[in-house]
Amino acid sequence: AFRVWTRTDMSAPANAFEAPPKVELTKDQARDALNKTNELLKLPENVQKMDMAKAQMAAQPDNIMMLMMLVLPVATQALLPILAEFGFPQDQGGLMMFMSAVGKHKDDAEISALGKQMRATFVPENLEPVVTAMLSGGGAM
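Note that the structure is predicted; figures quoted are calculated from it, not measured. Residue positions within a chain follow its written sequence, with the count starting from 1. Side-chain atom pairs in this predicted model are given and counted only at pLDDT of 80 or more, local residue features only at pLDDT of at least 70, and totals for whole chains, interfaces and linings cover all residues. Only hydrogens and water are set aside when side-chain values are computed; all heavy atoms of the structure are taken into account.

K.L.:
Quick one: what's the story with the overall build of the protein chain, residue by residue and with numbers?
P.N.:
Strands here mean DSSP runs of E at least two residues long; helices mean DSSP runs of H or I at least four residues long; both are numbered from the N terminus. Looking only at helices and strands, the protein chain has seven helices and zero strands in total. Between two residues, a contact is recorded if the distance between any of their heavy atoms is within 4.5 Å. Residue pairs in contact within the protein chain that sit at least 24 positions apart in sequence constitute 66% of those at least 6 positions apart. Computed by Shrake-Rupley with a 1.4 Å probe, the accessible areas treat only the displayed protein chains as cover when residues are assessed. Total accessible area on the protein chain is roughly 8200 Å²; 60% of this is exposed by carbon and sulfur atoms.

Below, the structure is given as structure tokens:
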């Protein structure tokens, strides 16, 4: 006999091909999440890890794949508590969804400034247009 596996955690997709649930943030939630995010990114241990990842990327500063492989995983790890608190998947895709969700409120000057502050910690200035283009489907800042 075999056991039938059943899913109990419905917050995650059933398989890799199923899209994760869409998370929307109100302006207040986006502002709160970005403030918490920027505080987390300022913690000395996160600054140190981010600086190490960016140093590894320095050899190929224009390579978006280096950003995806070296820097974004560090940012994702640092921001797991924020992703969990606001209902985003706790992975790199969740980080991108989070950035897109807060980007929907880019018309709010405070949220826009907080979003730029967040991205400046892990997206090199020269790659900002590429990252923005990647997120533009979701209204990224």
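What follows picks up the thread again.
K.L.:
Any details on the packing of helix H1 (residues 27–42) against helix H6 (residues 109–122)? Residues and values, ideally.
P.N.:
Under this scheme, a helix contributes an axis fitted over its contacting stretch, all axes are lines through C-alpha atoms, and angles between N-to-C directions fall in the 0 to 180 degree range. At their nearest, the axes of H1 and H6 sit 9 Å apart, and the two run at 30 degrees to each other. The orientation of H1 with respect to H6, classified from their angle, is roughly parallel. For the element pair H1 and H6, the recorded crossing hand is left-handed. Contact residues: H1 offers Lys27, Ala30, Arg31, Leu34, Asn35, Thr37, Asn38, Leu41 and Lys42, while H6 offers Glu110, Ile111, Leu114, Gly115, Gln117, Met118, Thr121 and Phe122. Relative orientations are named as follows: roughly parallel for angles under 35 degrees, roughly antiparallel for angles over 145 degrees, roughly perpendicular for angles from 65 to 115 degrees, and oblique for any other angle. Helix crossings get a hand from a simple test, with the near helix turned counterclockwise from the far one by less than a right angle marking a left-handed crossing and a clockwise turn marking a right-handed one.

K.L.:
Go over the pattern of salt bridges with me, naming the residues and quoting the values.
P.N.:
Only one rule defines a salt bridge in this text: a Lys or Arg side-chain nitrogen within 4 Å of an Asp or Glu carboxyl oxygen. Taken as a whole and assessed by the stated rule, the structure comprises eight salt bridges. Glu128 is the partner of Arg119 in a salt bridge, and the nearest nitrogen-oxygen pair spans 2.8 Å. Taking the relative accessible area as the measure of exposure, Arg119 reaches 6% and is therefore buried. Several salt bridges share partner residues, and in doing so they unite Asp28, Arg31, Asp108 and Glu110 into one network. Burial classes: relative accessible area under 20% of the type maximum marks a residue as buried, over 50% as exposed, and values in between as partly exposed (1.4 Å probe, protein chains only).

K.L.:
Just give me the short version of the environment of Val71, but keep the residues and values in it.
P.N.:
Mapped onto the elements, Val71 comes out in helix H3 (residues 64–78). Along the chain, Val71 and Ala55 lie 16 residues apart, while their C-alpha atoms are 9.5 Å from each other. Residues contacting Val71, with those up to four places away along its chain left out, are Met50, Ala53, Lys54, Met57, Met66 and Phe122.

K.L.:
Before we move on, could you go through the packing of aromatic side chains and cite the residues and values that matter?
P.N.:
For this analysis, a ring pair means two rings from Phe, Tyr or Trp (six-membered ring only for Trp) whose centres lie within 6.5 Å, classed as stacked if their planes differ by under 30 degrees, edge-to-face if by over 60, and tilted for the remaining angles. All told, the structure shown has one aromatic pair when counted by the stated rule. Between Phe88 and Phe98, the ring centres sit 5.6 Å apart and the planes meet at 80 degrees, which makes this aromatic pair edge-to-face. In this pair, Phe88 is assigned in the loop between helix H4 (80–85) and helix H5 (92–103) and Phe98 in helix H5, connecting sequence segments 10 residues apart. Exposure class is identical for Phe88 and Phe98. Each is buried.

K.L.:
Please give an account of the side chain of His105 that cites residues and values.
P.N.:
With respect to the secondary-structure elements, His105 resides in the loop between H5 and H6. Note on His105: relative accessible area 13%, which makes it buried. Side-chain polar atoms of His105 contact the backbone oxygen of Leu25, separated by 2.5 Å. Beyond its immediate sequence surroundings of up to four residues, His105 is in contact with Leu25, Thr26, Lys27, Ala30 and Ile111. Pairs of N or O atoms are called polar contacts if they sit within 3.5 Å, as long as, within protein, a hydrogen donor faces a hydrogen acceptor (for residues adjacent in sequence, only side-chain-to-side-chain pairs).

Functional significance is not addressed by these values, which are geometric in nature.
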